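Residue-level structural notes
The residues making up each chain are set out below.
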Amino acid sequence: MSDEKNPSGINRRKFLAAGWGVALVALVGQAGLAMSNYLKPGKQAGGFGGEVVAGKPQEFKPGTVSLVQGGRYYISALENGGYLAMWWRCTHLGCTVPWVAGEKQFHCPCHGSLYNDKGEVIGGPAPRPLDLFPITLVDGNLVVNTGEPIAREKYDPSQEFHV
Ligand code: FES
């Protein structure tokens, strides 16, 4: 293959290598951005990153935890009538944490962190409780703003939403 230099002094091989380098950097950047958007809330309405309707308060029986898949959160309806909206993301390294109703605990499948129905850590390496999302009542529905996760050091009753 010819490796002739053009008048600017850049040979064809170097030019192509530089082009591939630029394309690779752009591709990695796009993939990183897509991953970042997936992992962190954005500003989209109606889905994760925006306001996501959970349902009417009376649909959530006291003492139960319900998944709201589209918002990536759980509604914990506490026995005292309070509600917490908790992000399903483990505060250790970010794995999705399922609720195990039979044990009334969240069990992180990655490294074994355990949380109770208020999101408090009761075992494992998680450094703090599950993050909260703010709840408001709109047209009789609990509406959760998944664009504003609230990190907390511990559970406090003031974090509960009461109708
Ligand atoms: S990511 Fe949940 S315990 Fe490590």
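Residues numbered from 1 in each chain as written. Predicted model: local features only at pLDDT ≥ 70, side-chain atom pairs only at ≥ 80, totals over all residues. Heavy atoms only, no water.

1. So, the sheet that holds strand S1 (residues 51-55)
Reading across from one edge, S1-S11-S10 is the order of the three strands in this open sheet, with antiparallel pairing throughout. The open sheet has two edge strands with one neighbour each: S1 and strand S10 (135-138). Going across the sheet, the axis of each strand differs from the next one's by a mean of 35°, ignoring polarity. Sheet topology places S10 next to strand S11 (residues 141-145); four bridges connect them, and they run antiparallel. Along S11, the bridge assignment pairs Leu137 with Leu142. (Pairing = 2+ DSSP bridges. Helix = DSSP H or I, 4+ residues; strand = E, 2+ residues; numbered from the N terminus. Axes fitted to C-alpha atoms, helices over the stretch in contact; angles between N-to-C directions.)

2. A few points about the packing of aromatic side chains
Think of a pair of aromatic rings as described by two things: how far the centres are apart, and how the planes are tilted against each other in angle. Summed over the entire model, instances satisfying the criterion amount to six aromatic pairs. Where Phe48 meets Trp87, the ring centres are 5.8 Å apart and the plane angle is 40°; that geometry is what we call tilted. Of this pair, Phe48 sits in the loop between helix H1 (12-39) and S1 while Trp87 sits in strand S4 (residues 83-87); the two residues are 39 residues apart in sequence, bridging distant segments of the chain. Relative accessible area serves as the criterion here: at 6%, Trp87 is assigned to the buried category. Taking 4.9 Å as the distance between ring centres and 70° as the angle between the ring planes, the aromatic pair formed by Tyr74 and Phe106 counts as edge-to-face. With Tyr74 in strand S3 (residues 73-77) and Phe106 in strand S6 (residues 105-107), the pair connects residues that are 32 residues apart, well separated along the chain. An identical accessibility class is assigned to Tyr74 and Phe106; each is buried. Feature note: the residues Phe48, Tyr73, Trp87 and Phe133 constitute an aromatic cluster, connected by ring pairs. Positioned above the aromatic ring of Trp87 is the side chain of Arg89, whose terminal nitrogen or guanidinium carbon lies 5.2 Å from the ring centre. Over the ring of Tyr155 we find Lys118; its NZ or CZ atom is 5.5 Å from the centre of that ring. (Phe/Tyr/Trp six-rings, centres within 6.5 Å; stacked < 30°, edge-to-face > 60°. Buried < 20%, exposed > 50% of the residue type's maximum accessible area, 1.4 Å probe, protein only. Lys NZ or Arg CZ within 6 Å of the ring centre and 35° of its normal.)

3. A few points about the state of the cysteines
Simply put, the disulfide is a covalent bond whose two ends are the sulfur atoms of two cysteines. For the structure on display, the rule yields one disulfide. The disulfide that involves Cys95 links it to Cys110, with 1.9 Å between the sulfurs. For the disulfide bridge between Cys95 and Cys110, the dihedral angle about the S-S bond is near -95°, and by the sign convention the bridge is left-handed. Linking Cys95 in the loop between S4 and strand S5 (99-100) with Cys110 in the loop between S6 and strand S7 (114-115), this pair joins segments that are 15 residues apart in sequence. Residue classification places Cys95 among the buried residues on the basis of a relative accessible area of 19%. (Disulfide = S-S within 2.5 Å.)

4. Some words on the nonpolar core
One broad rule of soluble globular proteins: the nonpolar side chains tend to lie buried together. One finds Tyr73, Ile75, Tyr83, Phe106 and Ile135 to be the most contacted residues of the largest nonpolar core, which totals 33 residues. Elements with a contribution of two residues or more to this core: S1, strand S2 (64-68), S3, S4, strand S9 (132-133) and S11. The biggest single contributor to this core is S4, with five residues. Excluding anything up to four places from it in sequence, Tyr83 contacts Pro57, Gln58, Phe60, Ile75, Ser76, Ala77, Ile135, Leu142, Gln159, Glu160, Phe161 and Val163. (Core = buried A, V, L, I, M, F, W, Y, C linked by side-chain atoms within 4.5 Å. Contact = heavy atoms within 4.5 Å.)

5. Description of the environment of Asp156
Tracing the backbone through its elements, the reader meets Asp156 in the segment after S11. Assessed through its relative accessible area of 31%, Asp156 is described here as partly exposed. Once the C-alpha coordinates of Asp156 and Lys118 are considered, the two residues, 38 residues apart in sequence, prove to be 9.2 Å apart. At 2.6 Å, the side chain of Asp156 forms a polar contact with the side chain of Ser158. (Polar contact = N/O pair within 3.5 Å; in protein donor to acceptor, adjacent residues only side chain to side chain.)

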